[in-house]
Amino acid sequence: MKHRRISGHKAVLAGGGATAVLAALIVLPHANAAPGPAPAPRSLTPAAAVTLAAHLTSALDAEDTAGSYYDAGSDRLVVNVLGAEAADTVRAAGAVPRTVAHTMAELRAATRTLGLQARIPGTAWSVDPRTNQVVVTADRTVSAAGMDRLDEAVDGLGAGTARIQRSKGEFKPFIAGGDAIFGSGARCSLGFNVVKDGQPYFLTAGHCGVDIKSWSDSSGGREIGSVEAATFPGHDYALVRYTGSGVDHPSAVDLYNGSTQEITSAATPAVGQAVQRSGSTTQVHDGTVTGLDATVNYQEGSVSGLIQTDVCAEPGDSGGALFSGATALGLTSGGSGDCTGGGETFFQPVTDALEVYGAEIG
């Protein structure tokens, strides 16, 4: 495993170039003022779109909005709204308003209902702002009786609130996912190097760390790190303290082409944002964020609050890095499919792990 010295960078919320965009959150003109031409939507980077979306969410009433997504084809932020006043505010800020039927509160209530009525192993769900629905996925292990139960739960949510789709694969943690790490006959992947209380650590998947406490950078090699904390199911993250001497800890992701991507910050992605994943089995693959705050019901238990993507992954990629440029986004949890036929993969947001462990990118 290739290493460099810790750079000492601190994790900051990604949002470069967003300052000018946020200045567009202007007060609407008085009702008796002469209407002017509607401002043109702004071209935004993904990071700037995430920042603008967060500020618009704070500025608008919760009953007037239903999430947002990044249109990578036009570099625009699209914000779902339920009224003309909210649409005017969104438009004035430089985003594109889109009128929908369901509020985000309604869609999140639907996911809570699913959690009570349909927590069936082999299922997953997340809010899709592009369709203004909860998307429920059932993998190939869900029985006919399970599908009947799922259909009943979805029908009870009301017309158009949710839809069901099938996956040909099986939802499972990808343990066998950066550089490879080995422990007790298993292989996972290092996610991101971090710093806690001035000391070097790294993050990986929780399902890699709950049973295996000692990790090496080669099969049967000497220990380089010991698990300090791990959570799975519920969440899926682990914090590993470096114990090996002479090991460098770069704030970078292995691109498996002889180069690395420096990581300087951590953030939450936007639906529609292009992302990359690095893991020790399938190396680097790219794709798109398809959902946030997703729940996946593995055979081992349920994990919530995940990033859902159409990026492929395979066993051994668990814990590996999801990133966009220099920004850390997530840790590979699991999913279905493979990198031959395609699939879907869920990631634990790295911002959650950093907050829980009091760590920072470094």
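Residues numbered from 1 in each chain as written. Predicted model: local features only at pLDDT ≥ 70, side-chain atom pairs only at ≥ 80, totals over all residues. Heavy atoms only, no water.

## Considering the packing of aromatic side chains
Throughout the structure, instances matching the rule amount to 4 aromatic pairs. Ring centres 5.5 Å apart and planes at 75 degrees place the aromatic pair tyrosine 237 and tyrosine 357 in the edge-to-face group. With tyrosine 237 in strand β14 (residues 237–242) and tyrosine 357 in helix α7 (residues 350–357), this pair connects stretches of sequence that are 120 residues apart. The buried category is assigned to tyrosine 237, whose relative accessible area is 5%. The exposure class assigned to tyrosine 357 is buried, which follows from its relative accessible area of 8%. (Phe/Tyr/Trp six-rings, centres within 6.5 Å; stacked < 30°, edge-to-face > 60°. Helix = DSSP H or I, 4+ residues; strand = E, 2+ residues; numbered from the N terminus. Buried < 20%, exposed > 50% of the residue type's maximum accessible area, 1.4 Å probe, protein only.)

## Section: the state of the cysteines
Here the structure, examined in full by the defined rule, presents 2 disulfides. The partner cysteine of cysteine 188 in its disulfide is cysteine 208, sulfur to sulfur 2.0 Å. Judged by the torsion about the S-S bond (-90 degrees), the cysteine 188/cysteine 208 disulfide is left-handed. With cysteine 188 in strand β9 (residues 186–189) and cysteine 208 in helix α6 (residues 206–209), the pair connects residues that are 20 residues apart, well separated along the chain. On the basis of relative accessibility, which here comes to 0%, the residue cysteine 188 falls in the buried class. Look at cysteine 208 and you get buried, because its relative accessible area is 0%. Sulfur-sulfur distance for the disulfide between cysteine 312 and cysteine 339 comes to 2.1 Å. Its torsion about the S-S bond being 100 degrees, the disulfide of cysteine 312 and cysteine 339 is classed as right-handed. (Disulfide = S-S within 2.5 Å.)

## Some remarks on the nonpolar core
Counting 19 residues, the largest nonpolar core has Phe192, Val194, Leu203, Leu354 and Ile361 as its most contacted members. For this core, the secondary-structure elements that each account for two or more residues are β10 (192–196), β11 (199–204), β14, β21 (321–324), β22 (327–338) and α7. Here this core takes 4 residues from α7, the largest share from any one element. (Core = buried A, V, L, I, M, F, W, Y, C linked by side-chain atoms within 4.5 Å.)

## Side note on the pairing of β10
Every other side chain in a regular strand lies on the same face of the sheet, so the side chains alternate between the two faces. Counting buried positions along β10 yields 5 of 5 residues, so the element is predominantly enclosed. The alternating pattern of β10 places Phe192, Val194 and Lys196 on one face and Asn193 and Val195 on the opposite face, and all of these are buried. Of the strand pairs in this sheet, β10 and β11 are connected by 5 bridges, and their pairing is antiparallel. Its bridge partner being in β11, phenylalanine 192 is matched across the sheet by leucine 203. What sits between the antiparallel neighbours β10 and β11 is a turn of 2 residues, in which aspartate 197 has the positive phi angle 55 degrees. Bridge analysis of β10 against strand β24 (residues 360–361) gives 2 bridges, and the strand direction is antiparallel. By the bridge assignment for β24, valine 194 is matched with isoleucine 361. (Pairing = 2+ DSSP bridges.)

## Some remarks on the pattern of salt bridges
Once the charged atoms of two side chains with opposite charge are near each other, the side chains can pair. Applying the stated criterion across every chain yields a total of 4 salt bridges. Taking the shortest distance from any N to any O, the salt bridge between aspartate 128 and arginine 130 comes out at 3.2 Å. On the basis of relative accessible area, aspartate 128 is assigned to the buried category, the value being 7%. Residue classification places arginine 130 among the partly exposed positions, given a relative accessible area of 31%. The salt bridge involving arginine 277 is made with aspartate 317; its shortest N-O contact spans 3.6 Å. In this pair, arginine 277 is assigned in strand β18 (residues 274–279) and aspartate 317 in the loop between β20 (301–309) and β21, connecting sequence segments 40 residues apart. Aspartate 317 sits in the buried class, given a relative accessible area of 0%. (Salt bridge = Lys/Arg side-chain N within 4 Å of Asp/Glu carboxyl O.)

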